Amino acid sequence: MQKSRNRQLQELFPAGFGIHHAGMLRSDRNLVEKYFSQGLIKVLVCTATLAWGVNLPAHAVIIKGTEIYDAKRGSFVDVGILDVLQIFGRAGRPQFDKSGHGTIITSHDKLAHYLSLLTNQFPIESNFIGQMTDNLNAEISLGTVTNMEEAVTWLSYSYLYVRMKKNPQAYGIKYQEVKDDPTLERKRREIITDAARRLDKARMIRFDESNGYMSSTDLGRTASHFYIKYDTVEIINENMKTFMNESDILGLVSQAQEFEQLKVREDEMDELEESVMDYCELPVQGGKENVHGKVNILLQTHISRGRMKGFSLISDMTYITQNAARLARALFEIVLRKNLPLLSGRMLRFAKSIEKQMWDFEHPLKQHPLIKPEIVSKLENRNFTLEKLRELDGKEIGHLIHHVSVGSMIKRAAEEIPMLDIEVGIQPITRTVLRVRLTISPRFRWNDKVHGKTSEPFWVWVEDPCNDHMYHHEYFMITRKQVMSREPQELCFTIPIFEPLPSQYYVRAISDRWIGSESTAAISFQHLILPERHPPHTDLLDLNPLPVTALNNPLFEQIYRFSHFNPIQTQVFHTLYHSDKNVLLGAPTGSGKTIAAELAMLRVFRSIPNSKVVYIAPLKALVRERISDWSKKLAPLGKSVVELTGDVTPDARAIAQANVIVTTPEKWDGVSRSWQTRNFVRDVSLIVIDEIHLLGEDRGPVLEVIVSRTNFISSHTDQGMRIIGLSTALANARDLADWLGIGQMGLFNFRPSVRPVPLECHIAGFPGKHYCPRMATMNKPAFQAIKQHSPVKPSLIFVSSRRQTRITALDLIAFLASEENPKQWLHMSDTDMDTICSTIKDQNLRLTLAFGIGIHHAGLVERDRKTVEELYISMKIQVMIATATVAWGVNFPTHLVIVKGTEFYDGKLKRYVDMPITDVLQMIGRAGRPQYDDQGVAVVLVHDVKKGFYKKFLYEPFPVESSLLSVLPDHLNAEIVAGTIQTRQDAVDYMTWTYFFRRLVQNPTYYGMEGIDEEDLNGFLTSTVGKCLDQLELSYCLETDEDGRSIYSTVLGRIASYYYLAHQTVQHFQDNLSPEMSTNDALQVLVDSTEFDQLPVRHNEDILNTELAKTCPVEVNPYTMDSPHTKAHLLLQSHMSRLPLPCSDYLTDTKSVLDNALRVLQAMIDVCAENGWLASTLRNIVLLQMIVQARWDTDNSFLMLPHIEPHMVYVFSKLKVSCIPELMYVIKGNYEKLASVLRSELDEQEIEDVWSAMKRFPVLDVEISVQDTPVQRKERKRNNTDWIQVETGSQVSINLDLRRLNRPGRDGTKVLAPKYPKPKDEGWILVVGDLERRELCALKRVGAVRGSTKQSLIISPERPGKRVYTLYVMSDSYLGLDQQYDIQLEVLGDPNTEIFYSDEEEEMPQLREDEGTTNTPDSRGAFALDSELDFDWAEDAIASWD
């Protein structure tokens, strides 16, 4: 007890006394409790809290006085009977006493009161009616109560309802009323109506009395969120003004209802007067005699860090400060919602002043925990601002305040106050809407002790200082990692602008926690040039619908099931079917644009039957839909359709014979890059581009390049190429039409309203800074929208993520559970549904389908997806929740579309960003089924701050801008490789073919061009192209001539164009590949390429990656677990180690990584070969085999066989074989010989699988000759006679005859690779190298060998002498099937002879189509831009390196 710092305890303890109250230190309280329970203290004097808190039984309990001070009421009140019973309950110790004593000492007048309370049991009544307004508001804000019926039902769950029925008179209800209305519905309705009217009057809810609807307002939600009483809200409504100074704000807070119960006592006057003199910086409104005056004084004392002496004042001050911070934050939110920037800033500063206990005019370092007050006052006296301190160094600060040792600490503290740098970029979208891009960079040092370990929050808003109006605000978090790595963050939003243009707006970033942390940037409109006004839409003419017979061709007529075309098709029919003009058709989704495209196709079939039609759709899902539809539709016309996507790569013959090619933009871009050498590209007479308005999105540049190239090709060839563009209704269709070369005839741009099925659109805004809680509040409105708009018709709900599909479905099921018929959305028997569910793999889907709700996203297995689609289309289930891909892909007829949230999580930016408006329009377009409905309904649920934006652009079309600039270098590189661009001037001319050029003239500020004169335009184009070409030069993709004008592509440039790689990737290869690389090095270079930048790293996936890394064999950097490159590394390792993945998302991610990995690896092989690095080239080829087979090169090659696991490999040792070729040689087609050794581990069916797999492995026989001299392949000592003599400098031809000894089976030459997601053809890579010098001399790719094929490689030996060259015949798909041969050459000649090389290796890689497909390497892969590619140098497919 001597150690205790409490003097009174030390004095009382020897006498056996102790004290206990909340003002003591925890350690002292523990001591007292311990000694009392041990019996060392006999008498313990304590406050009432001990009765409830600590279980300390005693023999006797005395209550001395029954009055306690209540800070809430500001006076002394009687102790409640519950407290008295609780205290008496402590008397009598169960283990020691048989009885206990309780004594109560009170004033005489209270004696009878306590006696009756102790002897009688009184029921507890409800006080709920007193707080009815606040509680009803909370339920309405939460969304659980939306109308009178729900409110009446909600009240029936309360204790108040139970007591009203039991004891009606206590609540002013007559017994007769209870008889007439036993459920008291009228009384409940009356209570609710009264509360709702009061809330409506205070603008906390909107209450429509006629139909009983109640909806929350911003004010009501803020009050509910900050627990603010209805009375306080009334006071705020009354006293809030547009302009208030700090004193007014303080006065407003002081008047809050929360402080009403405080009392002003006579004995406090002197101390309050002292506080006014010492601590109050602002005039006290109301004076110390009033309650709100007293609150004002105590609040200012708290901010000034003053202390009160009187017990009641200390108690009141604690109560006030606890509530004032909450009130101030609520006021800030209220003002922010009213868009008042000046007042918002003041409110936020005031709230921070209360939290930090300092005034906003004091030095910001006062809030820093490590700086002492005396140092702060020194800084204030010398007027050192934060900026000044940041500029000086530590020593200077120390000398200036005469305290050298703390200088560096002050400097560090000044740098730790959070500050941001803001850069503003603006882009006008229309004449009234401006897009603002903010680049925000942290300008402070992170310290975990000061900032914590997560993030620093800021408020960012845009204000118009002239009108004191805020146009946009958002809550912005900058994370610890972003500050540490100094990475800038980008914010993008739209604000309105008005003509005449204001002089400027301001962007402010104010810290949510720190005083004095504010940054401002101006948005100047000086050089802003507004875009041109948009031309009017095409009117839909009142024409008689054309019958199908207008086609004048019975074959064509029979492919349509309907009799007449719709109004839009009727109006465009003549232009499409009877002319060759380019057409742009802009019409809303669901207006039959696909049939319009078919009309143009039918014209081609009729007038130029031998030419081809290319249909380009932005998504693979759309391609598949077209393929399945047209394969059936066009079959009667004898027309064949082929798919050309990353998943399907037909060979040259299939493409040459096809009439219609359906493809994706990237694929067609890759194929048409070498249009000069590809006949089928030149045979195309019609290109249909679907969804051409996607020009403005991420993949837009590819569409732009395709059209620009098409226009270029048709201007350079005799045959014109017709372009049909299909899109939704556009704002600036004229620009698109000019670019597509469309005059007056051919442009059809209908209004969004001319849908065949009219659309009714509802937009609802939802508050909340945080995404997940905001999404949760949308579930009930979504449920009600289905009940209201589509109780029996199909409904489609779009969400942003796979997780949201699950959460939304489960919430809807919860709402269904409270309905009379929970399975109202299921339109089939439960037993049938159970049968279907038994085949479903996804457990969430299994649960939701039982309630008639389907979920649909890319993470489901193909079979589950198909099942859901069939059930929904056949109306067996009524509701489907899907991610955005469905909007573009599958054509689901639906009556109601709900877009639940318009943001998605961007893994790269690590935050939620807005979906493109085109996506939202596409989703809405799914509503209304032409065959079934006479109207569709769309409900868009958005973040409330974006409601205005969506209101504007969902009803009027959005202008399409070009996004070519961001990826211009890669596309310029492709054109340089193709020979289209040969000088810098060509590049500038090429730009004039683009859509970017059309929009640049119309909307210059959007692209950063200042001025609209011709000189400005020329200067801007020249500098833009110059920058891009310089970038390409830095990436080793092109070289400039000495005159600085002509440009040539390099080998790396050709590789980038051929494999469809970014120029940064080949630069990365050149910088990071090396002559001697390990597998791990090669893998690291592969995953670090730009192609994996876009791999999504979703919420919390860094945690999953950390767990996955523990099981992977190769270590990765533990600090980059949220990097897409690290994730790609882990996915490839898991693929090759065949590890289980943590979730289904990782399966689809692995698929996209494998899609890219092969072409990036092929390019790596070429870069290594180009540099003549033998070891690295072979290492990369082996890595290629590893990825296809999903095995490591260290694994036993027997593991490529099906069902064979590592523990079974021992069985092959019985046959004395160590690799697959040996096994095939030993067995020689004898099944029993193989089965006899495998039966100990596998059953018969599995052995048959192994047997058929072995028959698929290619067995290759290689015959080699040099200059017509056969090369001996026998293993024996080298004789002089084995050396083949050649001349130095001559081109030595190594001729190979490759013969496949086992015929391909029914699978043809498809590779056996069960873990590789796409079918792949066998291929071989022939490499000739000089092992001694570790140099690669020649490389050639060969396609699948079906029978036999002859190949030749050319080398040029430079120095005389005997050299041994090695030929490697490497499989590009199988491990352990490679072959290696020595070729002995004796080089004759003079060592000093100069050698002149031909320009053979300078020629373009090209595809030779005229050789058929028997055994040419070219017939296979030159299309396979998403998978494996042939890269054949020179005319005869030769690559020779010296």
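Source: prediction; values computed, not measured.

How each quantity is defined
Residues numbered from 1 in each chain as written. Predicted model: local features only at pLDDT ≥ 70, side-chain atom pairs only at ≥ 80, totals over all residues. Heavy atoms only, no water. Helix = DSSP H or I, 4+ residues; strand = E, 2+ residues; numbered from the N terminus. Contact = heavy atoms within 4.5 Å. Areas by Shrake-Rupley, 256 points an atom, 1.4 Å probe, with all protein chains shown as cover. Lys, Arg positive; Asp, Glu negative; His and termini not counted. Charge placed at Lys NZ, Arg CZ, Asp CG, Glu CD. Pairing = 2+ DSSP bridges. Axes fitted to C-alpha atoms, helices over the stretch in contact; angles between N-to-C directions. Phe/Tyr/Trp six-rings, centres within 6.5 Å; stacked < 30°, edge-to-face > 60°. Buried < 20%, exposed > 50% of the residue type's maximum accessible area, 1.4 Å probe, protein only. Lys NZ or Arg CZ within 6 Å of the ring centre and 35° of its normal. pLDDT = per-residue confidence, 0-100. Salt bridge = Lys/Arg side-chain N within 4 Å of Asp/Glu carboxyl O. Core = buried A, V, L, I, M, F, W, Y, C linked by side-chain atoms within 4.5 Å. Parallel < 35°, antiparallel > 145°, perpendicular 65-115°, else oblique. Left-handed = near helix turned anticlockwise from the far one by under 90°.

Peer 1: Provide a residue-level description of the overall build of the protein, including the pertinent values.
Peer 2: Within the protein, the secondary structure is distributed over 56 helices and 41 strands. Taking the principal axes of its C-alpha atoms as reference, the protein extends roughly 130 × 85 × 75 Å. Looking at the protein alone, contacts between residues at least 24 apart form 70% of all its contacts between residues at least 6 apart. Accessible area for the protein stands at about 63900 Å²; split by element, carbon and sulfur atoms hold 51% of it. Taking the average location of the 161 positive side-chain charges in the protein and that of its 188 negative ones, the two points are 6 Å from each other.

Peer 1: Can you break down the sheet that holds strand β14 (residues 504-511) residue by residue, with the values?
Peer 2: Strand order in this open sheet of four strands is β12-β11-β14-β15, and the pairing throughout is antiparallel. Every interior strand has two partners, whereas the edge strands, β12 (469-479) and β15 (518-524), have only one. Neighbour to neighbour, the strand axes of the sheet diverge by 20 degrees on average, direction disregarded.

Peer 1: With reference to specific residues and values, describe the packing of aromatic side chains.
Peer 2: For the coordinates displayed, the defined rule picks out 28 aromatic pairs. With 5.4 Å between their ring centres and 35 degrees between their planes, Phe783 and Phe815 make a pair best called tilted. Here Phe783 is found in helix α34 (residues 779-789), whereas its partner Phe815 is found in helix α35 (residues 802-817), with 32 residues between them in sequence. Classification of Phe783 as buried rests on a relative accessible area of 5%. Among the aromatic residues, ring-to-ring pairing joins Tyr560, Phe562, Phe565, Phe573 and Tyr577 into one connected group. The cationic tip of Arg188 hangs over the ring face of Tyr161; the distance from NZ or CZ to the ring centre is 4.7 Å.

Peer 1: An account of the confidence of the model for the protein is requested, with residue identities and associated values reported.
Peer 2: Residues at a pLDDT of 70 or more form 94% of the protein, whose mean pLDDT is 85. Of all helices and strands in the protein, the one with the weakest mean pLDDT is helix α56 (residues 1418-1421) (30), whereas helix α50 (residues 1124-1137) scores best (94). Below pLDDT 50 for its whole length, residues 1395-1442 participates in 142 contacts with residues either more than four positions away or in separate chains.

Peer 1: I'd like to hear about the sheet that holds strand β40 (residues 1361-1371), residue by residue, with values.
Peer 2: One key point about sheets: their strands pair by backbone hydrogen bonds, in either a parallel or an antiparallel sense. Spatial strand order, β35-β41-β40-β37-β38: five strands in an open sheet with mixed pairing. Both outer strands of the open sheet, β35 (1284-1287) and β38 (1335-1342), are each paired with one neighbouring strand and no more. In this sheet, adjacent strand axes meet at a mean angle of 30 degrees when their direction is disregarded. Helix-sheet contacts for helix α51 (residues 1144-1170) involve β37 (1324-1330) and β38, and the interaxial angle to β38 is about 145 degrees. Docked against the sheet, helix α52 (residues 1174-1189) engages β37, β38 and β40, running at close to 15 degrees with respect to β40.

Peer 1: Give me the lowdown on the pairing of strand β18 (residues 641-644), citing residues and values where you can.
Peer 2: With burial as the criterion, each face of β18 is covered, one bearing Val641 and Glu643 and the other bearing Val642 and Leu644. Here β18 runs beside strand β19 (residues 660-663); their pairing, made up of four bridges, is parallel. For Leu644, the partnering residue across the bridge sits in β19 and is Thr663.

Peer 1: Which residues make up helix α44 (residues 995-1002), and what values do they have?
Peer 2: Among the residues of α44, Tyr995, Phe996, Phe997, Arg999 and Leu1000 are the ones counted as buried. Packed against the buried residues of α44 are α31 (700-716), α32 (733-739), α43 (984-991) and α45 (1014-1034).

Peer 1: Lay out the pattern of salt bridges with the relevant residues and their values.
Peer 2: Throughout the structure, instances matching the rule amount to 67 salt bridges. Between Lys288 and Glu289 there is a salt bridge, and its shortest N-O distance comes to 3.8 Å. Here Lys787 makes a salt bridge to Glu819, at a shortest N to O gap of 2.6 Å. One end of the pair, Lys787, is in helix α34; the other, Glu819, is in the loop between α35 and α36 (830-837), with 32 residues separating them in the sequence. A residue is classified by how much of its surface remains accessible, and Glu819, at 25% relative accessible area, is partly exposed.

Peer 1: Tell me what's going on with the nonpolar core, and back it up with residues and numbers.
Peer 2: In this structure, Phe1069, Leu1086, Ile1187, Leu1201, Leu1223 and Leu1238 are the most contacted members of the largest nonpolar core, which totals 181 residues. Per-element tally for this core: the top contributor is α51, with 13 residues. Once residues lying within four places of it in the same chain are set aside, the contact partners of Leu1201 are Phe1212, Ile1220, Leu1223, Val1250, Ala1253, Met1254 and Phe1257. With 78 residues, the next largest nonpolar core counts Met148, Ala324, Phe350 and Trp461 among its residues.

Peer 1: How would you summarise the pairing of strand β30 (residues 936-943) if you had to cite specific residues and measurements?
Peer 2: Most of β30 is tucked away: eight of the eight residues are buried. As defined by bridge partners, strand β23 (residues 759-766) adjoins β30 across eight bridges and the pair is classed as parallel. Among the inter-strand pairings, Phe766 is bridged to a residue of β30, identified as His943. Taken together, the five bridges between strand β27 (residues 896-900) and β30 define a ladder with parallel strand orientation.

Peer 1: Describe in detail the side chain of Thr883, supporting the description with residues and values.
Peer 2: Mapped onto the elements, Thr883 comes out in strand β26 (residues 879-883). Under the relative-accessibility criterion, Thr883 is labelled buried at 10%. Ignoring any residue separated from it by four or fewer positions in sequence, one finds Thr883 in contact with Phe798, Val799, Ser801, Arg802, Thr805, His856 and His857.

Peer 1: Pulling in residues and values, what's your account of the packing of helix α25 (residues 567-578) against helix α26 (residues 593-607)?
Peer 2: Interhelical geometry of α25 versus α26 gives an angle of 25 degrees and a closest axis separation of 8 Å. With respect to α26, the axis of α25 lies roughly parallel. As α25 packs across α26, the resulting crossing turns out to be right-handed. Where α25 approaches α26, its residues Gln569, Val572, Phe573, Leu576, Tyr577 and His578 are matched on the opposing element by Ile595, Ala596, Leu599, Ala600, Leu602, Arg603 and Arg606.

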